[in-house]
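Coordinate analysis (summary)
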Amino acid sequence: MVLDRALTFLYEHVLDLGLGPMGPIDRADEPRRLPTVLSREEVHRLFGAMSTGPNRLIAHLLYGSGLRLSEALRLRVKELDVGTSRLHVRDGKGGTDRTTVLPERLHGPLRLHLKTVKAQHEADCADGAGGVSLPDAIAEKHPNAKTEWRWQYVFPSTTLSEDPRSGAVRRHHRSDSAVQRAVKKAADAADIEKRATCHTLRHSFATHLLQDGTDVRTIQKLLGHKQLRTTMQYVHVLEQSGDGVTSPLDTLPEDPT
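Anyway, here's the lowdown on the structure attached to this text. (Residues numbered from 1 in each chain as written. Predicted model: local features only at pLDDT ≥ 70, side-chain atom pairs only at ≥ 80, totals over all residues. Heavy atoms only, no water.)

1. Some thoughts on the overall build of the protein
Counting its secondary structure elements, the protein contains 11 helices and five strands. Per-residue burial over the protein gives 40% buried out of 257 residues. The contacts in the protein between residues at least 6 apart in sequence include a share of 57% that link residues at least 24 apart. With an accessible surface of roughly 16,300 Å², the protein has 52% of that area assigned to carbon and sulfur atoms. (Helix = DSSP H or I, 4+ residues; strand = E, 2+ residues; numbered from the N terminus. Buried < 20%, exposed > 50% of the residue type's maximum accessible area, 1.4 Å probe, protein only. Contact = heavy atoms within 4.5 Å. Areas by Shrake-Rupley, 256 points an atom, 1.4 Å probe, with all protein chains shown as cover.)

2. Examining the sheet that holds strand β3 (residues 98-101)
If you walk across this open sheet you meet the three strands as β1-β2-β3, and the pairing is antiparallel. Pairing within the sheet leaves two strands with one partner each, and these edge strands are β1 (80-81) and β3. Here helix α9 (residues 216-223) sits on the sheet and contacts β2 (86-89) and β3; the angle it forms with β3, its principal contact strand, is near 110°. (Pairing = 2+ DSSP bridges. Axes fitted to C-alpha atoms, helices over the stretch in contact; angles between N-to-C directions.)

3. With respect to the packing of helix α3 (residues 54-65) against helix α8 (residues 198-211)
Orientation of α3 relative to α8, taken along the N-to-C sense of each, is 30°, at an axis distance of 6 Å. On α8, the residues touching Ala59, Leu62, Tyr63, Gly64 and Ser65 of α3 are Cys198, Leu201, Arg202, Ser204, Phe205 and His208. Among the residues forming the contact of α3 with α8, the class breakdown is six nonpolar, four polar and one charged. (Nonpolar A, V, L, I, M, F, W, Y, C, P; charged D, E, K, R; others polar.)

4. Notes on the environment of histidine 236
When you line up the elements, histidine 236 lands in helix α11 (residues 233-241). When the C-alpha positions of histidine 236 and proline 35 are compared, they lie 9.7 Å apart, and in sequence the two are 201 residues distant.

5. Description of unusual backbone geometry
Within the chain, aspartate 91 stands out as a residue other than glycine whose phi angle is a positive 55°. Along the polypeptide, aspartate 91 turns up in the loop between β2 and β3. A positive phi angle is found at aspartate 191, which is not glycine, with a value near 60°. Residue placement: aspartate 191 occurs in the loop between α7 (176-189) and α8.

Distances and angles like these do not, on their own, reveal function.
What follows is the structure, given as C-alpha cells:
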C-alpha cells in the first residue's frame, strides 16, 4: 500500500501524469544466483581425494541421497533401511519427514562403520556415558531409549561432552565443521576450480538425477522441498549450461594438419 501511494503521488503531483485506477503492485523478485554444480567427473575426483572414514562416508550420503549436512549428521541408526535401500529423514528443514534413496554402494561401508560405532557405544555404556539426546516427547515417554542402539547417531562425535541442558556426559553427533573442512581440503587437492562445499554435493545430486531423466516432482520429494519452484532451479542450471547442445565448431571437419 505504501508503494502504491508513493507511485501515485509521484505521477500525479510531481510528473503531472494521471495514472487512473491501479491494482496492487507486487515487488519484482530479486534475481537469484543459480547453485554451483559439480560434473560427475569432478565429484569422482573429489571423493578420490578424501581419506577413507566417516567424513568421506558423509560426503557420499550428501551426493548419493541428496541430504543436507545437518540431516546427515543427525541420522539415527533406526533411520537406515538397508534392506529396501531407503533412508528416512526425520524433522528435516521445516520440521518435515521424508524418505530418500540409500545408495547400494554404501551398504557395505555403512555396515562396517556401524560395527565400529556400536562397539564404541557399548564401551560408553559400560562407562556410564552411553546415553544420547532424544526428542523431548520420546525422552518423556521412553526414558530408557537414550541408551538403545537404534537411537544412537550414525555419525557420533569423536569425544564425549557435557549436555548443557541436563549436565549429563554423552556423545553428540559429529561436528559439521570437520566435514566441511574435509570437503574443502579434498576439492583443493583435486584441483576443482569451482567453489565446492557440502551443499554443492546436494545440488549435484539433484542436477545429475535430472540429467538421467528423473522427473522434477520426484526430485522435489527426495530433496524435501515444499515448493516446486525451489526444485526448478536445477532445471535452469541445465538450461543455462547448454547441456545436450553441440557446439557448431565440433560439427566441422577436422582442420588439415
